[in-house]
Amino acid sequence: MILSISGVVLLGIIVFLFFRKDGLKASHALVCALFGFYLAGTALAPSIKASGASLASLLGGIKF
């Protein structure tokens, strides 16, 4: 678990730097995919899933 969390933090910092400095390229997208994969294995995954579902529900309820 500790290795997973440290990997998530490291990949998160790398993704942040890619967005700030270079824009997103194909190699950067691979790092982002790895970040998501490792993030899904942490204890934060259910909270992230619930937040995403809540946001989707909120956006789905907007009437134009």
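What you see is a predicted model; the values in this text were computed from it and never measured. (Residues numbered from 1 in each chain as written. Predicted model: local features only at pLDDT ≥ 70, side-chain atom pairs only at ≥ 80, totals over all residues. Heavy atoms only, no water.)

(A) Local environment of the UniProt feature "transmembrane region" (unreviewed entry) in the protein chain. Taking the UniProt record as the reference, the feature "transmembrane region" (unreviewed entry) is found at residues 5-20 and 26-45. This span, residues 26-45, is 80% helix and 0% strand, and a straight line between its end C-alpha atoms measures 25 Å. (UniProt positions renumbered as here; feature names shortened; annotations may be inferred. Helix = DSSP H or I, 4+ residues; strand = E, 2+ residues; numbered from the N terminus.)

(B) Fine view of the environment of A50. Relative to the helices and strands, A50 resides in helix α3 (residues 45-60). Relative accessible area serves as the criterion here: at 46%, A50 is assigned to the partly exposed category. Sequence separation between A50 and V9 is 41 residues; the distance between their C-alpha atoms is 21 Å. (Buried < 20%, exposed > 50% of the residue type's maximum accessible area, 1.4 Å probe, protein only.)

(C) Structural detail: the confidence of the model for the protein chain. Of the residues in the protein chain, 91% have a pLDDT of 70 or more, and the chain-wide mean is 77. Within the protein chain, helix α1 (residues 2-21) has the poorest average pLDDT of any element, 73, and α3 the best, 81. (pLDDT = per-residue confidence, 0-100.)

(D) Highlighting helix α2 (residues 26-40). With 15 residues, α2 extends 21 Å between its outermost C-alpha atoms, agreeing within 8% with the 21 Å of an ideal straight helix rising 1.5 Å per residue. Buried residues of α2: H28, V31 and L39, and no others. Buried residues of α2 fall within an arc of 75° about the axis and therefore sit on the same side. Away from its buried face by more than 90 degrees, α2 exposes A26, L30, F37 and A40. (Expected span 1.5 Å × (residues − 1). Arc of directions from axis to C-beta.)

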